[in-house]
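What follows is the residue order along each chain.
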Amino acid sequence: MGVYENCEQTYSDKELAPQHTESIVNYDSQPIVNAADRVYKLVESCSSDDVYGNNVQKAVSVLEECLQKYSLDEICIGFNGGKDCTALLHLYHAVVKRKYPGHQGKLKALYIKSKLPFPEVEKFTQISRDKYHLEMLHFEGRIKDSLGQLKANHPSIKAVIMGTRLTDPYSSHLEAFSMTDADWPQFMRVNPVLHWSYGHVWKFLRDLCLPYCSLYDRGYTSLGSMNNTHPNPLLQYVDEHGVLKYRPAYTLSDPTKERDGRN
Ligand SMILES: NC(=O)C1=CN([C@@H]2O[C@H](COP(=O)(O)OP(=O)(O)OC[C@H]3O[C@@H](n4cnc5c(N)ncnc54)[C@H](O)[C@@H]3O)[C@@H](O)[C@H]2O)C=CC1
């Protein structure tokens, strides 16, 4: 489990790998370099009854379709450091690498900063920016207002790739390609991971040894702002010294309780 405890550091920390050579975790020290090979291998080897594999396959084909419809300049990925868009960012990076192997430019990412962001989230978005070679488009305030500013400041952008899942609030009607509502700034919302479950997100992040925000190892299962997010009470336990602790997010057994740490 140690490999995942401080994932902001793990994949860049070359000293870690030797310590874990006897670990039962299949550790990839360079998951981002190997992204396209590993993602496409997963997709090509999955059987028709493998729900997880088929969801990854579907996400890849939505992203491929997005890259057929839009140029890289017309796309940005909504990235706020949460687990869903962390998995999605890796998929997007992999699909871009496969389609444009020589691409050296930066991928555009939209980050709308909340009023009270967790320092761990801020740090993780910066680490991701550097590792995935992102051009971060920063905004602050309400999502709707920020999308208006995005349109004004970056008029070439037509599509925003999002890590929304069908079980997220107000999202059950969404499709892989859904325009924003008529009273919102107009963008194509691209939703590759709509059908993924909570468990699928964690399987993807852990199987591929991807870095994720360290708060998830401290019992947070869904991240908002510091004023409305707590560790999930279902992951609470008291250790052998009587200290209150939280299990990591991936151990949550009931996915319907994912947002129990939000108010
Ligand atoms: N009515 C409309 O056309 C639109 C509505 N929205 C609303 O915005 C809200 C967003 O929901 P949340 O629960 O916060 O989303 P969430 O936490 O469920 O995240 C869904 C995805 O949205 C993107 N995202 C969320 N917050 C972001 C941020 N601060 N910066 C960059 N990307 C971000 C990420 O890709 C994330 O994976 C929802 O209520 C959604 O319905 C967003 C876009 C268009």
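Residues numbered from 1 in each chain as written. Predicted model: local features only at pLDDT ≥ 70, side-chain atom pairs only at ≥ 80, totals over all residues. Heavy atoms only, no water.

Here's the deal with the UniProt feature "domain: Phosphoadenosine phosphosulphate reductase" (unreviewed entry) in the chain
Part 1 of the reasoning: Those places that UniProt annotates as "domain: Phosphoadenosine phosphosulphate reductase" (unreviewed entry) correspond, in this numbering, to residues 75-142 and 156-231.
Part 2 of the reasoning: As annotated, residues 75-142 comprises 44% helix and 26% strand, and the C-alpha atoms at either end are separated by 21 Å. (UniProt positions renumbered as here; feature names shortened; annotations may be inferred. Helix = DSSP H or I, 4+ residues; strand = E, 2+ residues; numbered from the N terminus.)

Regarding the confidence of the model for the chain
Part 1 of the reasoning: Per-residue pLDDT for the chain has a mean of 91; in total, 90% of the residues score no lower than 70.
Part 2 of the reasoning: Per-residue pLDDT stays below 50 along residues 1-17; that stretch engages in 37 contacts with residues further than four places along the chain or on separate chains.
Part 3 of the reasoning: Confidence metrics for the complex model read pTM 0.91 and ipTM 0.91. (pLDDT = per-residue confidence, 0-100. Contact = heavy atoms within 4.5 Å.)

Things to note about the site of the ligand
Part 1 of the reasoning: The local shell around the ligand holds 18 residues, among which Gly78, Leu110, Ile112, Gly163 and Asp181 are the closest.
Part 2 of the reasoning: Glycine 78 is positioned such that a nitrogen or oxygen atom in its backbone is 2.6 Å from an oxygen atom of the ligand.
Part 3 of the reasoning: At 3.5 Å from a nitrogen atom of the ligand is found a main-chain nitrogen or oxygen belonging to phenylalanine 79.
Part 4 of the reasoning: About the coverage of the ligand: the protein hides 81% of its 820 Å² of free accessible area.
Part 5 of the reasoning: With respect to the pocket detection grid, the ligand is positioned in the largest pocket.
Part 6 of the reasoning: Broken down by element, the shell around the ligand gets its largest block of residues, three residues, from strand E2 (residues 107-113).
Part 7 of the reasoning: The residue makeup of the shell around the ligand, split by class, is nine nonpolar, five polar and four charged. (Near = heavy atom within 4 Å. Polar contact = N/O pair within 3.5 Å; in protein donor to acceptor, adjacent residues only side chain to side chain. Areas by Shrake-Rupley, 256 points an atom, 1.4 Å probe, with all protein chains shown as cover. 1 Å grid on protein atoms, 1.4 Å probe; cavity = no way out; pocket = protein on both sides within 12 Å on 5 of 7 lines; lining within 4 Å. Sits in = over half its atoms within 2 Å of the grid points. Nonpolar A, V, L, I, M, F, W, Y, C, P; charged D, E, K, R; others polar.)

Concerning helix H5 (residues 51-69)
Part 1 of the reasoning: Taking 1.5 Å per residue as the helical rise, H5 with its 19 residues ought to reach 27 Å, and the 27 Å between its terminal C-alpha atoms agrees with that figure.
Part 2 of the reasoning: Those residues of H5 lying buried are Tyr52, Gly53, Asn55, Val56, Ala59, Val60, Val62, Leu63, Cys66 and Leu67.
Part 3 of the reasoning: Capping the start of H5 is the job of one residue whose side-chain oxygen sits 3.2 Å from the backbone nitrogen of tyrosine 52: aspartate 50. (Expected span 1.5 Å × (residues − 1). Buried < 20%, exposed > 50% of the residue type's maximum accessible area, 1.4 Å probe, protein only.)

Comments concerning the sheet that holds strand E5 (residues 177-179)
Part 1 of the reasoning: Within the open sheet, the six strands sit side by side as E3-E2-E1-E4-E6-E5. Their pairing is mixed. Every interior strand has two partners, whereas the edge strands, strand E3 (134-140) and E5, have only one. Each strand axis lies, on average, 30° off the axis of its neighbour in the sheet, ignoring direction.
Part 2 of the reasoning: Here E5 runs beside strand E6 (residues 188-190); their pairing, made up of three bridges, is antiparallel. Paired with methionine 179 across the two strands is methionine 188, which belongs to E6.
Part 3 of the reasoning: Against the sheet, helix H6 (residues 83-99) makes contact with strand E1 (75-78), E2, E3 and strand E4 (159-161), and its axis sits at roughly 155° relative to E1, the strand it touches most.
Part 4 of the reasoning: Packed on one face of the sheet, helix H8 (residues 143-153) meets E1, E2, E3 and E4 and runs near 130° to E3. (Pairing = 2+ DSSP bridges. Axes fitted to C-alpha atoms, helices over the stretch in contact; angles between N-to-C directions.)

Observations regarding the environment of phenylalanine 118
Part 1 of the reasoning: The topology assignment puts phenylalanine 118 in the loop between E2 and helix H7 (119-131).
Part 2 of the reasoning: Separated by 106 residues in sequence, phenylalanine 118 and glycine 224 place their C-alpha atoms 8.5 Å apart.
Part 3 of the reasoning: For phenylalanine 118, the residues in contact, after removing those within four places along its chain, are Leu215, Tyr220, Gly224, Ser225, Met226 and Thr229.

Things to note about the pattern of salt bridges
Part 1 of the reasoning: Taken as a whole and judged by the stated rule, the model has 16 salt bridges.
Part 2 of the reasoning: A salt bridge links lysine 144 to aspartate 183; the shortest N-O distance between them is 3.8 Å. Note that lysine 144 is positioned in helix H8 and aspartate 183 in the loop between E5 and E6, a separation of 39 residues in sequence.
Part 3 of the reasoning: In this structure aspartate 183 comes out as exposed when scored by relative accessible area, which is 53%.
Part 4 of the reasoning: The closest approach of N and O atoms between aspartate 239 and lysine 245, which form a salt bridge, is 3.1 Å.
Part 5 of the reasoning: Sharing partners across several salt bridges, the network here consists of Lys83, Asp84, Arg165 and Glu258. (Salt bridge = Lys/Arg side-chain N within 4 Å of Asp/Glu carboxyl O.)

So, the side chain of threonine 221
Part 1 of the reasoning: For threonine 221, the location among the structural elements is in the loop between helix H9 (198-207) and strand E7 (236-238).
Part 2 of the reasoning: Within the local environment of threonine 221, its side chain forms a polar contact with the backbone oxygen of glutamate 258, the two atoms lying 2.6 Å apart.
Part 3 of the reasoning: Among all residues touching threonine 221, those that are not within four sequence positions of it are Lys83, Tyr198, Tyr216, Asn232, Leu235, Ala249, Leu252, Lys257 and Glu258.

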